Amino acid sequence: MNRSYDQHCPAARALDVVGGRWSLLIVRELLLGPRRYTDLVAGLPGIGPNVLAERLRALRDAGILSQAKLPAPAASTVYELTELGAAMRPLVDELTRWGMRLPVTTRPGDTFRISWVLGCLRASFRPEEARGVRETYQFSVSGDVFHLRVDDGVLDIRHGSAPDAVCSMTSDLGTFLAVGARLMDIEDAVARGLARLDGELPAAARVIAILGAHPEATGGRHGIVGAVGATFRPEHARGVRETYEFVVDGLIFHARVDDGTVETDLGPAADAAATLVTDLGTLLQMGAGSLPLEDALSAEVIEVDGDLEAALRMADVFGVVRADRPSPAPDDTAAHTAHV
């Protein structure tokens, strides 16, 4: 059933088209390039197939997207934005930029996709830092590959690899968030074995300066919470109901785990079962699986207060390896091998 505000107003007419649930998020996904139906299902967890089909049909009828056939050997049907649909980029970017100013809280049941981070990168773009820059940069983050093309103050972000990239950074999500939030230098991430950098180091420093998070809006510190949340493993948290506190480089925040879900927020927790005190680099090494909990304790690079069994559960829930269980296979840790 078609719904309308029945108002002779451009804003109301726009909301008639894209104001329904999921419509703007479909546009968000397509701003990163053409997507197959299955790609949209994966990028929009929670949407039903009937709802997705109806929204795609309505957006196509409104001239916002179209369908195209990829050439062989793919020969898949994809959805892509029309010129009218692509013109919504500033609107989506501004909405994302506004959302970045809201409190950083992960609610139980929230899901995460790397494409959502890419929207934040586009919203954080600083054209004044990119004048005269004409380069392409590639990233592989926890297995998801994308590239950023900068052309004299203009940015384009797309899924997939780029053969002409001047540099390529490979890391896990926590490290990517920490570097992007300027909480850790790229050189430090490489030196610690948290990232691999192929290509030009000055180019990597340039793209971080161009796209780095807005420290004036967030203090640059909320990225720590995101980096920790990125290591959470729901399958290891079934049946766990307790709160853990983190003190990282003086910033205090906590994570409340409730049977496979987690809610993170800034500030201390009065009911913390265990508190971990460390620096960001050590925390990321532990989350990446390259520093076992026992080794960190024996090297005195972390302190743990509270119940030891709770601390061990915290380590398991947030992906920290323990010395008594095998480390990931070499293929799995390739993203944490450093070379320049």
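Our structure is the block above this text.
Residues numbered from 1 in each chain as written. Predicted model: local features only at pLDDT ≥ 70, side-chain atom pairs only at ≥ 80, totals over all residues. Heavy atoms only, no water.

Caption draft 1: Main features of the nonpolar core. Core analysis: the largest hydrophobic core is formed by 70 residues, its most contacted members being Tyr137, Phe139, Phe146, Leu148, Phe246, Val257 and Phe318. In this structure, Val257 is in contact with Phe232, Ala237, Val240, Arg241, Glu242, Tyr244, Val262, Val317 and Phe318, ignoring residues within four places of it in sequence. Grouped together as the second largest cluster of nonpolar side chains are 18 residues, Ile26, Tyr79, Leu81 and Val92 included. (Core = buried A, V, L, I, M, F, W, Y, C linked by side-chain atoms within 4.5 Å. Buried < 20%, exposed > 50% of the residue type's maximum accessible area, 1.4 Å probe, protein only. Contact = heavy atoms within 4.5 Å.)

Caption draft 2: Fine view of the pairing of strand β6 (residues 154-159). When strand β5 (residues 144-151) meets β6, the two strands line up antiparallel, connected through 6 bridges. Across the sheet, Val150 pairs through a bridge with Leu155, a residue of β6. Once β5 ends, the chain turns through 2 residues before running back antiparallel as β6, passing Asp152 with a positive phi of about 50 degrees. (Pairing = 2+ DSSP bridges. Helix = DSSP H or I, 4+ residues; strand = E, 2+ residues; numbered from the N terminus.)

Caption draft 3: How the structure looks around the packing of helix α6 (residues 89-99) against helix α7 (residues 114-124). Where α6 meets α7, the axes come as close as 9 Å, and the angle between the chain directions of the two elements is 100 degrees. As the angle between them shows, α6 and α7 are arranged roughly perpendicular. Taking contact as the criterion, the partners of Arg89, Val92, Asp93, Thr96 and Arg97 in α6 are, on α7, Gly119, Cys120, Arg122 and Ala123. For the contact of α6 with α7, a count of residues per class yields 3 nonpolar, 2 polar and 4 charged. (Axes fitted to C-alpha atoms, helices over the stretch in contact; angles between N-to-C directions. Parallel < 35°, antiparallel > 145°, perpendicular 65-115°, else oblique. Nonpolar A, V, L, I, M, F, W, Y, C, P; charged D, E, K, R; others polar.)

Caption draft 4: Summary view of empty space enclosed by the protein. Evaluation of the coordinates by the stated rule reveals 2 cavities of 30 Å³ or more. Space inside the largest cavity adds up to approximately 160 Å³. Along its surface, the largest cavity is lined by 17 residues, and Thr231, Phe246, Leu283, Phe318 and Val320 are the ones closest to its centre. Within the residue set of the lining of the largest cavity, elements represented by two or more residues are α12 (222-229), α13 (280-287) and α15 (308-317). If you tally residues by element for the lining of the largest cavity, the top one is α13, at 4 residues. Class assignment for the residues of the lining of the largest cavity results in 13 nonpolar, 3 polar and 1 charged. Approximately 40 Å³ is the volume found for the second largest cavity. Every residue lining the second largest cavity is listed: Gln138, Phe139, Cys167, Met169, Leu197, Ala204, Val207 and Ile208. Among the elements of the structure, β4 (134-141), β7 (167-171) and α10 (201-211) are those that each provide at least two residues to the lining of the second largest cavity. Here the lining of the second largest cavity takes 3 residues from α10, the largest share from any one element. Residues that form the lining of the second largest cavity fall into these classes: 7 nonpolar, 1 polar and no charged. (1 Å grid on protein atoms, 1.4 Å probe; cavity = no way out; pocket = protein on both sides within 12 Å on 5 of 7 lines; lining within 4 Å. Points joined across faces, edges and corners; volume = space filled by probe spheres on them.)

Caption draft 5: Examining the packing of aromatic side chains more closely. Evaluated as defined, the whole model comprises 7 aromatic pairs. Summarising the aromatic geometry, the rings of Phe246 and Phe253 are spaced 5.1 Å apart at their centres and angled 10 degrees between planes, so their arrangement reads as stacked. You'll find Phe246 and Phe253 in the same group, each marked buried. One aromatic cluster is present, built from ring pairs that chain together Phe232, Tyr244, Phe246, Phe253 and Phe318. (Phe/Tyr/Trp six-rings, centres within 6.5 Å; stacked < 30°, edge-to-face > 60°.)

Caption draft 6: Local environment of the packing of helix α2 (residues 23-30) against α6. Viewed as axis vectors pointing N to C, α2 and α6 meet at an angle of 105 degrees, and their least axial separation amounts to 10 Å. Overall, the two elements α2 and α6 adopt an arrangement that is roughly perpendicular. Contacts from Leu24, Val27 and Arg28 in α2 reach Leu91, Val92 and Leu95 in α6. By residue class, the composition of the contact of α2 with α6 is 5 nonpolar, no polar and 1 charged.

Caption draft 7: Here's a closer look at the side chain of His147. Within the element layout of this structure, His147 appears in strand β5. Among the polar contacts made by the side chain of His147, one reaches the main-chain carbonyl oxygen of Gly160 at a distance of 2.9 Å. Those residues in contact with His147 that sit more than four places away from it in its chain are Thr136, Tyr137, Gln138, Asp156, Ile157, Arg158, His159, Gly160, Ser161 and Ala162. (Polar contact = N/O pair within 3.5 Å; in protein donor to acceptor, adjacent residues only side chain to side chain.)

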